[in-house]
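# Descriptive structure summary
Now for the letters of each chain:
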Amino acid sequence: MRIENSFVPVRGVGEKTERRLWREGITHWDDFEPSSVGDVQGDNIIDYIDRARDRLAAGDTAFFDRAFPSGSRWRLYENFRANACFFDIETTGLDARHNDVTTVSFHRAGETTTLVRGEDLTREAVRRELDAADLLVSFNGKRFDVPFLERSFDLDIAQPHLDVMYPCRQLDLTGGLKAIEEEIGIERDRPDISGRDAVRLWHAYERGDEDALDTLVSYNRADTVNLKSLLDTVTRRLHESVFVSDTEQR
């Protein structure tokens, strides 16, 4: 599913109208003819397509993040996957007022960067990694990772952000990241390590155990790499359930 297949960002166009257009063979902006809908709706769709073509050519992720309904924002991924940044944090606890960020990993364009507290984990380094991305991707990051980073490093993180937890729920994939990975067949080298272990590993490192830091970093990096595999699977399944099943009826 690509942005160019979508009509739901248009004012007055809901999923029912979009699916009717698809069933009639109008599966891309290039296929649209105003005569397929009423005059007002046709004008709205043409106006949107004209503006959207310019914004897509400009790589304006924020335009589409604002335009798409929240339940359809997963459709941005295919267009912006090349510079999507998958990120995840580890902390010493759940409360940003009293706990610290220990490691942050960023996975983009096949490369993974991990910043470590006391070494290179600074406000400037986090800001640089986030600003380099067109689309941020996390799991439960809107409720946890982003507020934690904003409070800990005095940041305002406003980039378009796809939290994969919500598209997962659309497919009845619930629970934590590792539980969902297991359900869909994504494997980990160390499936026995949990978020609670991440806190223990950090404290072991503070006591001088360098191997504990290596294990923690490996765990944190796996979260971001596996998150890409998860999103690839989720967007494919959503595409098949939302788009392919309807167009195949033609």
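Residues numbered from 1 in each chain as written. Predicted model: local features only at pLDDT ≥ 70, side-chain atom pairs only at ≥ 80, totals over all residues. Heavy atoms only, no water.

An unreviewed UniProt entry lists the protein under the name Ribonuclease H-like domain-containing protein, from Halococcus dombrowskii.

## Regarding the overall build of the protein
The number of helices and strands found in the protein is 10 helices and 5 strands. C-alpha extents for the protein along the principal axes are approximately 70 × 35 × 30 Å. Across the 250 residues of the protein, 50% fall into the buried class. Counting only contacts in the protein whose residues sit at least 6 apart along the sequence, the fraction spanning at least 24 positions is 63%. Accessible surface, the protein: about 12400 Å² in total, of which carbon and sulfur atoms supply 43%. Between the averaged position of the 34 positive side-chain charges in the protein and that of its 49 negative side-chain charges there is a distance of 4 Å. (Helix = DSSP H or I, 4+ residues; strand = E, 2+ residues; numbered from the N terminus. Buried < 20%, exposed > 50% of the residue type's maximum accessible area, 1.4 Å probe, protein only. Contact = heavy atoms within 4.5 Å. Areas by Shrake-Rupley, 256 points an atom, 1.4 Å probe, with all protein chains shown as cover. Lys, Arg positive; Asp, Glu negative; His and termini not counted. Charge placed at Lys NZ, Arg CZ, Asp CG, Glu CD.)

## Observations regarding helix H6 (residues 141-153)
With 13 residues, H6 ought to run about 18 Å at 1.5 Å a step, yet its terminal C-alpha atoms sit only 16 Å apart, falling short of that. For H6, the elements touching its buried residues are strand S1 (84-91), strand S2 (101-108), helix H5 (123-131), strand S4 (135-138) and strand S5 (161-163). Asp-154 lies just past H6 and shows a positive phi near 55°. (Expected span 1.5 Å × (residues − 1).)

## Quick notes on unusual backbone geometry
The phi dihedral of Asn-140 is positive, around 65°, even though this residue is not glycine. As for its position among the elements, Asn-140 is in the loop between S4 and H6. The phi angle at Asp-154 is positive, at roughly 55°, despite the residue not being glycine. Its location among the elements puts Asp-154 in the loop between H6 and S5.

## Quick word on the pattern of salt bridges
Summed over all chains, the structure comprises 18 salt bridges. Ionic pairing is found between Arg-127 and Asp-131, a salt bridge with its closest N-O pair at 3.0 Å. Highlighted residues: Arg-127 and Asp-131, both in helix H5, separated by 4 residues, approximately one helical turn. What makes Arg-127 buried here is its relative accessible area of 18%. Here Asp-131 falls in the partly exposed class, since its relative accessible area comes to 47%. The shortest N-O distance in the salt bridge between Arg-200 and Asp-197 comes to 3.5 Å. (Salt bridge = Lys/Arg side-chain N within 4 Å of Asp/Glu carboxyl O.)

## With respect to the pairing of S1
Most of S1 is tucked away: 8 of the 8 residues are buried. Side chains of S1 alternate between two faces, with Ala-84, Phe-86, Asp-88 and Glu-90 and Cys-85, Phe-87, Ile-89 and Thr-91 buried alike. Pairing of S1 with S4 involves 3 bridges; the strand directions are parallel. When the sheet's bridge partners are listed, Phe-86 is paired in S4 with Val-137. Note that S1 and S2 share 6 bridges and pair antiparallel. Bridged to Asp-88 within S2 is Ser-105. (Pairing = 2+ DSSP bridges.)

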